[in-house]
Amino acid sequence: MIVTVTANPSVDRTIGLPHALARGEVQRAVAVTAQPGGKGINVARVVHGAGLGTVAVLPAGAADPLLTQLAAVGLPHRAVSIDEPVRTNVTLAEPDGTTTKINEPGAELSAGDLARLTDLVAEAAADARWVALCGSLPPGVPADWYAEVTARLHAGGRRVAVDTSGPPLLAIAQARPDLLKPNAFELAELVGGDGARLEAAAAEGDLEPVRGAAADLAERTGGAVLTTLGAAGALLTTPEGTWFATAPAVRVRSTVGAGDSSLAGYLIARHRGAPPEERLRTAVAYGSAAAALPGTTPPLPAHLDPAGAHIRRLS
Ligand SMILES: Nc1ncnc2c1ncn2[C@@H]1O[C@H](COP(=O)(O)OP(=O)(O)O)[C@@H](O)[C@H]1O
Ligand SMILES: O=P(O)(O)OC[C@H]1O[C@](O)(COP(=O)(O)O)[C@@H](O)[C@@H]1O
């Protein structure tokens, strides 16, 4: 069982444009979709699609459209009821696959909401092997909440994966999560440097900058670090070794949910007892399959091209 936590869920509204985005001009959308979103929800949908047990934990009012959407897609979930509506995050999708995301701050959680969410996470995690804490934190939630929840889950013998950014990411390393999933920009936030340069160097075959940065981070957390590098692939750093994988070539339609799908792929393979290099292969296969699908559509096993990922051991 893999439990996911999304303190700041969303309804993802994807607006398809017929041409490249033209700032300051009127453009007509060619397609508009609304899908359940938020990082933990996306991870849980991929895990569910792979046939593994999962529960997504989140805050949302009983009549919120997000819960209707989750019921419609059949995702097992448990929600703490809140008063404010769940946010809407907008993606502008251009024909060449360029995606521009505008994420709202999210529904504020009161101290009582947060206490109930924290208790629900502990309760849902009772049967879990892994708990994935995913995404930004909404207003009202302190930046060290993931660190606090991680300590509580560790005390109960659970393994914890974290995918976040900004202040909650800076606060998590000292809680020693078992797995961190930064992208190149988040890795640079944590250890310094320039994320775009890390990704560009990796795309040109120079893996040393990202290898060194991820090794620094892994030393601080003591756990594994899965650094995703967009079209350049991903790097897995563990106490047993470091591996790089190229991403399978795909026609990109929407990269929204690609990183979440990578994390889900890693956890699916880990849950099945796969060795590190196969976990990495599964992660990039899921990430690239997500990038080839529209909006926030979660990839299924049938969408994967694991042979399209080439794995190299670096150390
Ligand atoms: N343009 C792309 N072509 C192929 N695969 C991609 C592309 N962009 C992302 N991916 C896949 O999705 C994974 C996660 O992407 P990334 O952009 O690093 O994550 P995040 O969404 O967290 O920023 C990558 O490791 C890769 O497998
Ligand atoms: O919590 P954040 O950082 O605002 O991100 C939430 C957004 O990210 C997503 O989870 C997609 O994430 P990735 O593209 O990084 O996989 C969307 O579903 C959601 O709208």
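The name recorded for the protein chain in an unreviewed UniProt entry is 1-phosphofructokinase, from Gordonia phosphorivorans. Its UniProt record gives the protein chain a comment under Catalytic activity (unreviewed entry), which states: "beta-D-fructose 1-phosphate + ATP = beta-D-fructose 1,6-bisphosphate + ADP + H(+)". Database annotation for the protein chain, UniProt heading Sequence similarities (unreviewed entry): "Belongs to the carbohydrate kinase PfkB family."

Undergrad: In this structure, what is going on with unusual backbone geometry? I would like to understand it.
TA: Both trends apply: most residues other than glycine have a negative phi, and most peptide bonds are in trans. If you check the backbone angles, arginine 176 has positive phi at about 55° while not being a glycine. Relative to the assigned elements, arginine 176 resides in the loop between α5 (166-172) and β10 (179-180).

Undergrad: Looking at this model, I keep getting lost on the environment of glutamate 108. Mind explaining?
TA: Secondary-structure assignment places glutamate 108 in the loop between β7 (99-102) and α3 (111-124). You can call glutamate 108 partly exposed: it has 13 C-beta atoms within 10 Å. Residues glutamate 108 and glycine 97, eleven residues apart in the sequence, show an inter-C-alpha distance of 32 Å. Ignoring any residue separated from it by four or fewer positions in sequence, one finds glutamate 108 in contact with Glu84, Pro138, Pro139 and Gly140.

Undergrad: I'm lost on the site of ligand 2 in this one. Help?
TA: Around ligand 2 lies a shell of 18 residues, among which Gly37, Asn89, Gly135, Ser136 and Gly259 are the nearest. Listing elements by their share of the shell around ligand 2, those giving two or more residues are β2 (10-16), α1 (39-49) and α9 (258-271). Across the shell around ligand 2, the residue classes tally to two nonpolar, 13 polar and three charged.

Undergrad: Got a minute to help me understand the environment of threonine 98 in this structure?
TA: The residue threonine 98 is located in the loop between β6 (87-93) and β7 in this model. Overall, the presence of 14 C-beta atoms within 10 Å leaves threonine 98 in the partly exposed class. The sequence separation of threonine 98 and glutamine 35 amounts to 63 residues, and the corresponding C-alpha distance is 19 Å.

Conventions and cut-offs
Residues numbered from 1 in each chain as written. Chains lettered and ligands numbered in written order. Predicted model: local features only at pLDDT ≥ 70, side-chain atom pairs only at ≥ 80, totals over all residues. UniProt positions renumbered as here; feature names shortened; annotations may be inferred. Helix = DSSP H or I, 4+ residues; strand = E, 2+ residues; numbered from the N terminus. Buried ≥ 20, exposed ≤ 12 C-beta atoms within 10 Å, placed from the backbone. Contact = placed C-beta atoms within 7 Å. Near = placed C-beta within 6 Å. Nonpolar A, V, L, I, M, F, W, Y, C, P; charged D, E, K, R; others polar.

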